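The residues making up each chain are set out below.
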Amino acid sequence: MKMDLNAIIEQMETGDQDAALVALQTYTKEKNQCFTFSKEEEADRERFGYLVLGFLNRELQPSCQLACLETVRILSRDKYCLEPFITRSAMATLARYAGISVVTATPAHNQPEEGQEEGEGEEEGPEEGEAEVVKEASPPSENPDLEVIVEALKSLCNILLHNETGQVVAAELQLMKGVAERLKQCHDPTWNHEVRFFDLRLTFLLTALRVDIRAQLAQELHGISLLGNQLEATLGLCWPDTLETARAGLEDLAPEELPHLSRQQTERAMEILKILFNITFDTAKRKVDEEEAAEYRHLGAILRHCLMSRADGEERTEEFHSHIVNLLGNLPLPSLDVLLMPKVQHGSIEYMGVNMDAVNMLLEFMEKRLDRGNKLKETLLPSLNLLTESARIHRETRKFLRSKVLPPLRDVKNRPEVGNALRNKLVRLMTDIDTDVKNCAAEFLFVLSKESVARFIKYTGYGNAAGLLAARGLLRGARDSGVYSEDEDSETEEYREAKAHINPVTGVVEDEQPNPMEGMTEEQKEYEAMKLVHMFDKLSRHNVIEPMQLSSDGKLREINQEDLQKLVHNPILQPEDPPGSDNEEEAQ
């Protein structure tokens, strides 16, 4: 049976529950998949919203409660008709049905607000400076109706997503505290997947949209520990050893033998990862104390297990791993040593006696994103930055990555950017039009080269390397600051034989080119030099180019007229290679 909105409103205005129930069920059935609304009915929808909220503040039979909340969920999709739902009273009502309203005990100010039903004042937050006792409020019935809770949570999510006033009211009502109380019950079988998922979705929206709530969850509510426990419970983990996780009951299985995570496990885990990302966004930029460092290492161990787990389907697995990589990039760098802590087992990738399964997984993930070539700044940089910083601080990680990305050089016939090896792909990125992408790729290879200019040029060619070297004032060679282990000679026979014939700019052996000045007299050479000077001068004066030269500090500076005259009579000689640079290589 189809019923127009005015007829539904008329049924609601009678105040009869049975008539209202039929009308609401008709509306929700018809509009359940509706996400766009006509502008002409805006006023009617607002009126309808007020009527539904009026019903929710009465004693209702469970079926009518559910129908009202389903209606609110549908109406709250329309961001232009949220007025009925963003008042303090309305959101307190929805929070009560969601089971997350916070009861506060205050010494005064217990009178209800204007337009508020008697008894609703207990759900209001305290005035500034008042004592506050927080506990979880009970749902409308003794045995919580999970469908009612889920519909109320969905409605709150819609309101937060679409309306800033609703976000402010949510903060005032301390909804984060209410949700946190239920998140602590991560092992309670009362709560099904949908309740847990929308608790997490609501938490994600609160932390994404409100900086104050982000800080509240991280500090006051101990969010790292709270959500770490939630993630641990979601995945069903146990701890066979310090900072080493396993799937409970499957401790003896290798990572590749573990069953895939279910769709529900993956959905909840990804929400948790997104919330953790929100509340750890500034962690890498500040110092953490000893207690926080322990929490982050504990979380890092759980994330390592996540990284080695697979979801149901390749696409979902990649999305899951993407959230893990994003979060790992927020953690303090010293805590990332937990990625290397598990013992080497049969089938593990071992390097220098260390389990490199997690690092290898990160490298494969990065290469997959690189091969896709789509939105590299958003998709590639998180994993590339993570690998760079891990390599910078962990010697074993750097050596392993170098063995994979910059193995001993044998191909001296093809340019560094030509080919399908990972090194070739990364060198091509060093001339990408996106500055962040090219800088990040160059930084990764520079760190793997132990910040040695000679080695960096050897693997990338001077032309590709010039951008990073110029930015760091290293165009004259030498080594940038950095603490690395001693080098050992690891040049291949092929490279050693061709070394004298390699063009450092291109990084390959090129055919001998005829000398264009052969047979010229000194006067002719000087004439050609002056001709070149005048051409540069003309281009410079017309702002076509800006001639530069290398200063004594290794950085580029603009060439002036006096410099041009000096160059004619005293050409700058190329600096000698720094001693012990090109022939010293790191042991693999």
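Right, let's walk through the structure included here.

This part is about the pattern of salt bridges. Should the charged atoms of two oppositely charged side chains come close, the side chains can pair. Enumeration over the complete set of coordinates arrives at 28 salt bridges. The salt bridge involving Glu-271 is made with Arg-201; its shortest N-O contact spans 2.9 Å. Of this pair, Glu-271 sits in helix 12 (residues 263-279) while Arg-201 sits in helix 9 (residues 193-209), and the two are 70 residues apart along the sequence. Given the relative accessible area of 28%, Arg-201 is considered partly exposed. The residue Lys-525 makes a salt bridge to Glu-522 at a minimum N-O spacing of 3.7 Å. Pair noted here: Lys-525 and Glu-522 are both in helix 24 (residues 522-541), with a separation of three residues, about one helical turn. Among the ionic contacts, a cluster of salt bridges with common partners joins Glu-389, Arg-392, Glu-443, Glu-451 and Arg-472.

Turning our attention to empty space enclosed by the protein. Per the stated rule, a full pass over the model turns up three cavities of 30 Å³ or more. Size it by volume and the largest cavity reaches roughly 60 Å³. Together, Leu-336, Leu-339, Leu-340, Val-359, Leu-362, Leu-387, Ser-390, His-394 and Thr-397 line the largest cavity. The set of elements that each furnish at least two residues to the lining of the largest cavity consists of helix 15 (357-372) and helix 17 (381-393). Residue composition of the lining of the largest cavity, by class: six nonpolar, three polar and no charged.

Turning to the environment of Arg-263, a few remarks are in order. Within the secondary structure, Arg-263 is located in helix 12. The exposure class assigned to Arg-263 is partly exposed, which follows from its relative accessible area of 45%. For the pair formed by Arg-263 and Arg-316, sequence separation is 53 residues and the distance between their alpha carbons is 8.8 Å.

Rules and cut-offs
- Residues numbered from 1 in each chain as written.
- Predicted model: local features only at pLDDT ≥ 70, side-chain atom pairs only at ≥ 80, totals over all residues.
- Heavy atoms only, no water.
- Salt bridge = Lys/Arg side-chain N within 4 Å of Asp/Glu carboxyl O.
- Helix = DSSP H or I, 4+ residues; strand = E, 2+ residues; numbered from the N terminus.
- Buried < 20%, exposed > 50% of the residue type's maximum accessible area, 1.4 Å probe, protein only.
- 1 Å grid on protein atoms, 1.4 Å probe; cavity = no way out; pocket = protein on both sides within 12 Å on 5 of 7 lines; lining within 4 Å.
- Points joined across faces, edges and corners; volume = space filled by probe spheres on them.
- Nonpolar A, V, L, I, M, F, W, Y, C, P; charged D, E, K, R; others polar.

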